[in-house]
Structures are given as structure tokens and as C-alpha cells.
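# Coordinate inspection notes
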Amino acid sequence: MNAISDRLAPGRLLGPEGWRRRRTLIGMGYALPTAIMVAVFFIVPLLLVVQMSASDWTLLSGDRGLNVPENYADLGSGRLFWPAVEFTIRYTLIVTVLLIALGLLMALVVQESGRWSGMLRTVFLLPLAVGLAAASLLFWGFYSNSIGPLNPMLQGAGLIESPISFLGTPTNALMSTVFLIVWKFAGFYMLILLVGLQSIPRDIYESAALDGAGRWSTFRHITLPLLRPALALSLILAVTGSLLAFDQFFLLTKGGPDNTTVTIVQLIYREAFQLQDLGKAAAISIVLLVALLALNALWFRSLRKPATE
Amino acid sequence: MKGHLRVPAIATGLILLLAACNGGTSESTAPGGAGSPAGDWQGVDDGTELTMWTRAATEARSQALVDAYNESHENQIELRIVPTDDYQTVVGAAAPNNELPDLFSADVVFMPNWTSQGLFTDLTSRIDSLPYIDDVGQAHIVASTWEGAKYGLPFIIDLSVWMYNKALFEEAGLDPEAPPTTLAEFADAARAIQDLDREGVYGTFFGGNCGGCNVFTWWPISWAEGEPIMNEEGTESLNNNDAMKEVYSTFAALWEEGVIHPDSQAEAGPTWIGYFPEGSIGIMPMPASLQGMANENLADEDIGVTPIAGISGGESTFVGGDSIGISKDSENVDQAWNFLAWMLDEEAQVEVVAQGGNVVARTDLAGNEYSSADPRLVIFNEIAGQGETPFALRFGQTYNDPQGPWIPLFRAAVFEGADDATIEELNETITQSLSE
């Protein structure tokens, strides 16, 4: 039961033990600003969201008292909830595979220093400079049947006979959005995997070559296993980012056509700002948070190398 | 508690305490009457800078009024145009943080929701003191009244009409001076235009993915038949009535026959009124405004206007548009009121609103010099008195929300040929949303 004042008492800060205590206090002092930032910008909002999720809390009229467990119990009965969960998972699977596969391919292409690799790296990374909202609006313009250049270009080149409705069918809307995301973020995953590739010691490849290993064999038995940390990081970033998808669908498809591209975060937005029910929106947020925490926990556990092989 | 966790825990506790003390939304600050009018019913014009928000759908008309006010007054209004789809969100985010501007307009169908939640200042005594109040169209004022207190005035009167291309009519052998007077005649005219078989020219267009567009343009057909589309309280949907089913089947047939522009299916609202001015649509429902309509593709004299008709005749319109009020957060109520009082005065209504080819908010000014000179404006002003403004507390959530239950109903009916049973089932989801 040491009070802070006891700790700070002059006698206790002298001598070897006092030096250790001083170090501890100095360390706490350095950590305090960050701790305050984390508390103010993460912990406090999180606790508020938990409180909201247990309350009848409207956008315009505020907290109107406890409403637990209704906010949670009603989630599953919403007509959009399970379709949004299914769609979000489906979208995550498609985008994750494409981003990592394309990122790896691009990293393999640019990893060798050469005349073109520098230029290629720049080209692949350029889309990252465009914000996601701006990119979504840009692509909405491209895909638009009334003002977009894409259909006239494709028709002019003789590639299609009649205009394509890029956002008019569920499949087209999904794939058009996937194309936008892959265009925008493949370069980012290329960067992560490139760093991973470049950290593999050269002499391992030399040894493999001396042993007569071919390119595919080398890739399968040396590159991929040693790329595991970078691949794991890419995977968790891609999965988390895709599960939280919002901007691109909000701007490009608005959840359509016919509610076939509604994501979980769109549901949160809708509950909060269209239906003006912050309580239910917070409940969906907490459910999503718990799911992401569980996923990350499972993931990091599975990534831990076994003690003995 | 372990010693090394004590300080961070105390810090966190302090922060939580601070948050609890300062947290919570502010209470509604719509007192029963924000003071009586400052002596003069016109308010105060003393060079105050005022802020105002309006939605993009009314940009041209809002800007015209604000520009005219700024030119002739010491008070200056800074107008912010908010994308229409985001308006409810932007207002909803500002309201609990007491960040609403001095003045803001609202789609009239949102007024019951927003006035009931205390977003506006009570203007009852000020409105009642206006010398011309008996001549102001009451639909918007009624929609802006909550529990006996008045919070809004008509700002932009948006009516729905059928507009048709007289040049295409003539080319198709239709009489450009004898527009359709029933839904069936509308469909036949569209078919005749389509039979011209001209590239890029279509019989009609509609917002096939736009909830707001279709309540605006289809409900008058039902009203013209004397069939309501909701109960009086706005808690039960009647979008399965005979008239609406006739609307669905008519448009379904037109879609099947290729008479409707293919972009209609995906049109969610941003560009739905952009097709008629291109001169490539025969006849379609449109907002009743000629402002900025004529261009090199569509001459002014080729723009025909006719009231929306019912299944067997009659006429009606959706009296929509925007109401405007002074926000609960305004600290310049007298100055903001100066704009509102001026806005409905004769000079603004005639020289700005009517001159711009728009519907005036005052019945005594319906026969002004500009309206009288153009028979189309006479039509606008005449049907304003025959239209309706629907009432529902959950209007936006039900009809305007892209994920709301209204859009699936008409899309199923028009694009998928849904049968009666499906329409009944989907109509029930609308009732559930209205009554939540």
C-alpha cells in the first residue's frame, strides 16, 4: 500500500533502490503523454461506445436510458444484418486473395534492381497517393453510363457492342469495386512483400542453386516459408481492412443494386445516421470489434512457431 | 492493484470523470417562442454574418435568393450547399454538438422528424405577425408544426409535373399542344417516341433506384385517383393500392418493351433530372422548374409541361421542396428572421422566385407578371393548390434511405415483374418501417 507521496519521499529516491524507483518514475513520466492520448482517443471513446450499445441512444435526442439486451438481441432479426455479414466475408475473401497474389507478383517483378524496376515501383505505388474517397468518386465517374468515359472507350475500341452497366448488377457492382480496391492497394502489399523478399539472405538462394533446385522449387521451399512473417502481416491487414470496408461501397454502389453490396460498417452508418439509432449502431460496432479481436488472437496464435519441429 | 498500474489508472479515471461531467448531448433548446419579434415583424438588418445550409437539390434557387438578399441587405449570408444524399447525415452530426448554422432548410418531408426532435427555434409568434401570412401556402407550415408550435416556412416549392419534348412529340405525330391526361396516355406517348427508333432517344426515364424520385412523381397519380398512399398518421403504407399497382404494371410494361432509358435501372438520384434537358427523352416526370432547363439540345419552346394525371384522369402534384427555419443553435435569431421575412415578401417572391421560373410560395402572387407571361408557370402555380404533402415521422428512413424498404418494392414490381403477393409482402415491410 505505497502511496505516490511515499514513493516520492526524498529518502526513498536515494541509494540503489532509490535509483531504480527514480528510473521507474522517469519511465512513467515518458509514457504518460502516450497513455493520456491512448486513454482520450481510444479507451474513453471505446467505453462510451460500450455504454451507447447498452442504451436507447438516438442521434438527435441523446441518451434515453438503458436498453440492454435489446440492442444486441435485435441485431440478428434485422433484414440486412446476415446478408451484410455474408457479403462482407465474401468480399474479404476475394479482395484478400487478389491483393496478396498481385502484391507478391509485383514484388517479384520489381525486386531485382534494373532499369525498369525503379519506374515500375513508382507506377505501382502511385495509386496510394489518391485518397480512397476521392478514388471512389473518380471510379464512379468512370463507371457512370451518363458521364463516364469507360463505355465509350471500350465501344470505340470494338471491345464491346453495347454499354456495360458496371454498377447495375450485383456481380458487376462487386467486381467493379474489387477492381478499384486492387488498383489502389496492390502497391501497398507489394511494398510489404518486397521488404520481406529483400530480407531473405542471398546465400540461401545460392546454396539452393548449387544443390540444383529449380525456380519453382526455390520459390516453394525457400521464398514462401521465409516470407511467412510478411505474408502474415499482409494477410491480417488485408482481412481487417476488408472486413471494415465502407468508403468504396458508400460512394460507388450505395449498397446497391438491391442491397446486394451492403457491408457491416455500412449497416453501422445506416443505423446511426439514417435510422438515428446510435445505440444499435454501437451494438453492431462492438460485435464487429469482438469478432476482429477474436480473429486477430487466433491468427497470432497460429503464427507462433512450434517450440520444436 | 499493482503499484506500477496505479498512476495510469488514476489518469484514466480522471479522464473518465471529465468525460462524464461534460458528456451527453445538449438538451433541445427550442423554447416556446424565441422571444417576440424585435418590435418590427421584419427582424433586424445590422450587418451580421449569418450561416445557412441547404441541400444540393435546391442549389440554384437557394443561391439566387441568398445572392439577392446579400445585395440588398447589410446582413450577409454565407451559404453552404450540402450534397443531397448527405444532408440528413450532416445535420444529424451537427445537431447534438450544437453546431447547426443560423438558418437551414430541410426537405419538407423531414420536417416532422426534425421539428419533433427540437432542431429548430420556435417561430410561432414571428410567423403569426407576418402581414401576408394568410396568403402563404400552408402545406409547408403545417409540415413544420409540432405540438402547436410553428418552426418553419416554405423556402423552395418543389412540385412534380410531367415534362415532354414538343419537338419529339411533333416528330412522332403527337399533338404537342395536347399532352397526356391519363397514365395510359403518358405510356402511349412514350411508346410513340420510342417508335421513332432514333439512336439515344427514349420514350421516358425514371429514377429506378431512387426512392425519393418515385414518391415525388408516382404518388400524385394515386392522389389524382383519390387514393391515399399512407394513413393520416403516416404509420401504415398503402403503396399496394389499386392506383399504385397500375403505376407499377405500366412502368413494368414500358421497361419490358424497351421504352424506358436503360440507365433508369441504376439511377439512384444524382443525375435523374439530367436526361430530359439533353433533348433525348420524350416525356418524363420532373420537378416543376424551368430554371436552367433550356440549352443547345433543348429549346425553351420545346419544353412542354402538363400536370401529373391519374389512372382515369384528374390532376395532382407532390407539394415538396424545402422548408426553412432558424436552428436551435443560432445566436442571431432576429437577424436570421430578417432573411425569412424578406424571402416571403413580394419583392423576393416575384423578382427572384417567379422571375427564375419557379413556383411562388404566396397564393396572392400566383398571377404575377412573370408567371402570367408563361403558361407553363401558370400551370405550376395552379396545381400547387391541388397537390399534397405526405406526413410521416419516419419518412426519410422508409422512403429516402437507399437501404429502406420502399426501393425493393418498386424495383421488384417494375424490373422483376413481382406478383401481387410479393407486392403485399414488401408493402408490409414499409408499414413496419413507418411504425417503428
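Sequence order sets the numbering: in each chain, residues are counted from 1 along the sequence as written. Chain A is the first chain written and ligand 1 is the first ligand written, with later ones labelled in order. It should be noted that, the model being predicted, local features are given only for residues of pLDDT at least 70 and side-chain atom pairs only at 80 or more, the latter also being counted only at that level, while totals for whole chains, interfaces and linings use all residues.

### A few points about the overall build of chain A
Within chain A, the secondary structure is distributed over 14 helices and 2 strands. By its C-alpha atoms, chain A is 85 × 70 × 35 Å across when sized along the principal axes. The buried share of chain A, reckoned over its 309 residues, is 30%. Think of it this way: build a C-beta for each residue from its backbone, and any pair within 7 Å is a contact. For chain A, the proportion of contacts with a sequence separation of at least 24, taken over those separated by at least 6, is 67%. Secondary structure elements are defined from DSSP: runs of H or I of at least 4 residues count as helices, runs of E of at least 2 residues count as strands, and each element is numbered from the N terminus. As a rule, residues whose C-beta atom has 12 or fewer other C-beta atoms within 10 Å are exposed, those with 20 or more are buried, and those in between are partly exposed; C-beta atoms are placed from the backbone.

### Digging into the overall build of chain B
When you go through chain B residue by residue, the secondary structure sums to 17 helices and 12 strands. Using C-alpha atoms as the atom set, the radius of gyration is obtained and then compared with a globule rule of 2.2 Å times the number of residues to the power 0.38. In summary, chain B has a C-alpha radius of gyration of 24 Å against a globular reference of 22 Å for 436 residues, a match within 12%. Projecting the C-alpha coordinates of chain B onto the three principal axes gives extents of approximately 85 × 60 × 40 Å. The buried share of chain B, taken over its 436 residues, is 51%. The long-range share in chain B, meaning contacts at least 24 apart out of those at least 6 apart in sequence, stands at 76%.

### Some words on the sheet that holds strand β1 (residues 49-55) of chain B
Residues and elements named next belong to chain B. Taken together, 5 strands build an open sheet; the order of strands is β2-β1-β3-β12-β6 and the sheet is mixed. At either end of the open sheet lies a strand with only one pairing partner, and these are β2 (76-82) and β6 (153-158). Strand-to-strand, the axes of this sheet are offset by a mean angle of 20°, without reference to chain direction. The pairing criterion for strands is at least two bridges between them, as found by DSSP. Bridging between β1 and strand β3 (residues 103-107) involves 2 bridges; their strand directions are parallel. Following the sheet pairing, Trp-53 is matched in β3 by Phe-104. Each axis is a line fitted through C-alpha atoms, and for a helix only the stretch in contact is used; angles between axes span 0 to 180 degrees, taken between their N-to-C directions.

### Describing the packing of helix α4 (residues 81-110) of chain A against helix α11 (residues 228-243) of chain A
The description of two helices packed together rests on the angle between their axes and the distance between the axes. Residue and element names in this part refer to chain A. In the contact formed by α4 and α11, the axes pass within 9 Å of each other and the chain directions differ by 145°. Viewed along their axes, α4 and α11 form a crossing whose handedness is right-handed. Here Thr-88, Tyr-91, Thr-92, Val-95, Thr-96, Leu-99, Ile-100 and Gly-103 of α4 come into contact with α11, specifically with Leu-231, Ser-234, Leu-235, Ala-238, Val-239, Ser-242 and Leu-243. Along the lines of polarity and charge, the residues of the contact of α4 with α11 split into 9 nonpolar, 6 polar and no charged. Two helices crossing with the near one rotated counterclockwise from the far one by less than a right angle form a left-handed crossing, whereas a clockwise rotation gives a right-handed crossing. Side-chain classes follow a simple rule in which Ala, Val, Leu, Ile, Met, Phe, Trp, Tyr, Cys and Pro form the nonpolar group, Asp, Glu, Lys and Arg form the charged group, and the remainder, Gly included, forms the polar group.

### Section: the interface of chain B and chain A
Taken together, the contacts link 32 residues of chain B with 34 residues of chain A. Contributions of two or more residues to the side of chain B that touches chain A are made by α1 (3-22), α3 (87-94), α15 (395-400) and α16 (406-415) of chain B. At 9 residues, α1 of chain B tops the list of elements feeding residues into the side of chain B that touches chain A. Residues belonging to the side of chain B that touches chain A are distributed by class as follows: 13 nonpolar, 16 polar and 3 charged.

### Re the domain arrangement of chain B
Residue and element names in this part refer to chain B. Taken as a whole, chain B is organised into domain 1 (49-158 + 320-384) and domain 2 (160-318 + 403-434). Where each domain starts and ends comes from a domain assignment, either automatic or drawn from a database. One C-alpha centre belongs to domain 1, the other to domain 2, and the line joining them spans 27 Å. The partner domain 2 presents 12 residues to the 13 residues of domain 1 that form the contact. Counting residues per element, the ones that place at least two in the side of domain 1 that touches domain 2 are α2 (59-72) and α14 (375-384). Ranked by residues supplied to the side of domain 1 that touches domain 2, first place goes to α14 with 5 residues.

### Brief notes about the environment of Cys-213 of chain B
All names here are of chain B. With respect to the helices and strands, Cys-213 occurs in helix α9 (residues 211-224). Linking Cys-213 and Glu-232, residues 19 residues apart in sequence, is a C-alpha distance of 22 Å. Beyond its immediate sequence surroundings of up to four residues, Cys-213 is in contact with Phe-206, Gly-207, Gly-269 and Trp-272.

### Some points on the pairing of strand β2 (residues 62-66) of chain A
Residue and element names in this part refer to chain A. Alignment of strand β1 (residues 55-58) against β2, held across 3 bridges, turns out to be antiparallel. Paired with Ser-55 across the two strands is Leu-66, which belongs to β2. Remark: 3 residues form the turn of the hairpin made by β1 and β2, two consecutive strands paired antiparallel.

### Overview of α14 of chain B
Leu-377, Ile-379, Phe-380, Asn-381, Ile-383 and Ala-384 of chain B are the residues of α14 of chain B that are buried. Contacts made by the buried residues of α14 of chain B are with β6, β9 (303-306), β11 (315-316) and α13 (369-373) of chain B.

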